[in-house]
Structure formats: structure tokens, C-alpha cells
Amino acid sequence: QVHLVESGGGLVQAGGSLRLSCAASGSTFSSYAMGWFRQAPGKEREFVAFISANGGRTLYADAVKGRFTISRDSAKNTVYLQMNSLKPEDTAVYYCAAGPSYSRTYYYTPQRYDYWGQGTQVTVSS
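Here the structure is a predicted model, which is why all the values come from computation and not from measurement.

Conventions and cut-offs
Residues numbered from 1 in each chain as written. Predicted model: local features only at pLDDT ≥ 70, side-chain atom pairs only at ≥ 80, totals over all residues. Heavy atoms only, no water. Pairing = 2+ DSSP bridges. Helix = DSSP H or I, 4+ residues; strand = E, 2+ residues; numbered from the N terminus. Axes fitted to C-alpha atoms, helices over the stretch in contact; angles between N-to-C directions. Buried < 20%, exposed > 50% of the residue type's maximum accessible area, 1.4 Å probe, protein only. Contact = heavy atoms within 4.5 Å. Polar contact = N/O pair within 3.5 Å; in protein donor to acceptor, adjacent residues only side chain to side chain. Salt bridge = Lys/Arg side-chain N within 4 Å of Asp/Glu carboxyl O. Disulfide = S-S within 2.5 Å.

(A) Expanded view of the sheet that holds strand β8 (residues 78-83). Reading across from one edge, β1-β3-β8-β7 is the order of the 4 strands in this open sheet, with antiparallel pairing throughout. Where the open sheet ends on each side, the last strands, each with one partner, are β1 (3-7) and β7 (68-73). Neighbouring strand axes in the sheet, compared pairwise and without regard to direction, differ in orientation by 15° on average. Bridge count for β1 against strand β3 (residues 18-25) is 5 bridges, and the pairing is antiparallel.

(B) Geometry of the environment of G16. Note on placement: G16 falls in the loop between β2 (10-13) and β3. A residue is classified by how much of its surface remains accessible, and G16, at 17% relative accessible area, is buried. C-alpha of G16 to C-alpha of G26: the two residues are 10 residues apart in sequence and 34 Å apart in space. The contact partners of G16, leaving out residues within four places of it in the chain, are M83, N84, S85 and L86.

(C) Up close: the side chain of R38. With respect to the element layout, R38 can be found in strand β4 (residues 32-39). You can call R38 buried: its relative accessible area is 6%. Side-chain polar atoms of R38 contact the side chain of D90, separated by 2.9 Å. Excluding residues that lie within four positions of it along the chain, R38 makes contacts with E44, R45, E46, V48, A63, V64, F68, E89, D90, A92, V93 and Y94.

(D) Fine view of the pattern of salt bridges. For the structure shown, the criterion picks out 4 salt bridges. Residues K65 and D62 are paired through a salt bridge, measuring 3.1 Å at the closest nitrogen-oxygen approach. Summarising the burial analysis for this pair, K65 and D62 share the class exposed. Each member of the salt-bridge network shares a partner with another, and the members are R38, E46, R67 and D90.

(E) Region of the structure containing the state of the cysteines. Enumeration according to the criterion identifies 1 disulfide in this entry. Disulfide pairing is shown between C22 and C96; the S-S distance is 1.9 Å. One quick way to see it: the torsion about the S-S bond of C22 and C96 is about 50°, and its sign makes the bridge right-handed. In this pair, C22 is assigned in strand β3 and C96 in strand β9 (residues 92-100), connecting sequence segments 74 residues apart.

Now the structure itself:
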């Protein structure tokens, strides 16, 4: 069992930056692959970024590639999402998720992940 708590969301102007954090507790953090997803009003939850259990592999949605960076700190049991050059279309509730280190389910599908945080709101004004 893993408990995830996101933080760091807020209101920012277009072109600005935010860093989201996701603190994990309750199990061996380093054994889980982690993902960030987001959901805007009226839209489905969509994949943002993935990091493997050992941190050696990262993957991004095309919409955020080059602007967002996912990382993890095993000593702090925390995964981060650094978001730069934010755009109004990045406005959404952002969720972190934890899943097994290996899965046959694609990394970009919510079904790959077993545990989810409560989400943190990111609003980008134009």
C-alpha cells in the first residue's frame, strides 16, 4: 500500500514555472514506477510524465516535452514535476500515481498505476 500526497500547485502567469511534489509513504518507494497525469474540466485524465523505479528512464507526453521534467528523490520518498514555460492549456488538476516497476500495461495509461494522490490544482493565466 502506498499513500501519495501532491503539493506545489497554484496560480501562475503564462511563461512561468511551478514545481509539483508528490510525497509517498507506506511502502518501499524505490520499488514503484511513478507517473504524473492531469485532468482539465470536461476532459479525460491524460498522461504527462513517467519515471521508472530506478529513475533511469523518463518519458513525456508530446504536449509537455522540453518544458516539463520529472525526477525522483528516493531519500525523500518524493517525485517531482518541474514545469517551465507554462501555457494556459496546462491548466488542470495534476495527479501523481504509483505502479509496479514492471508492467505489460503501457506507461501512459492510467490502468498501469495502482495508487493515486488526491491531486493539486494548477492554473495558468494568459
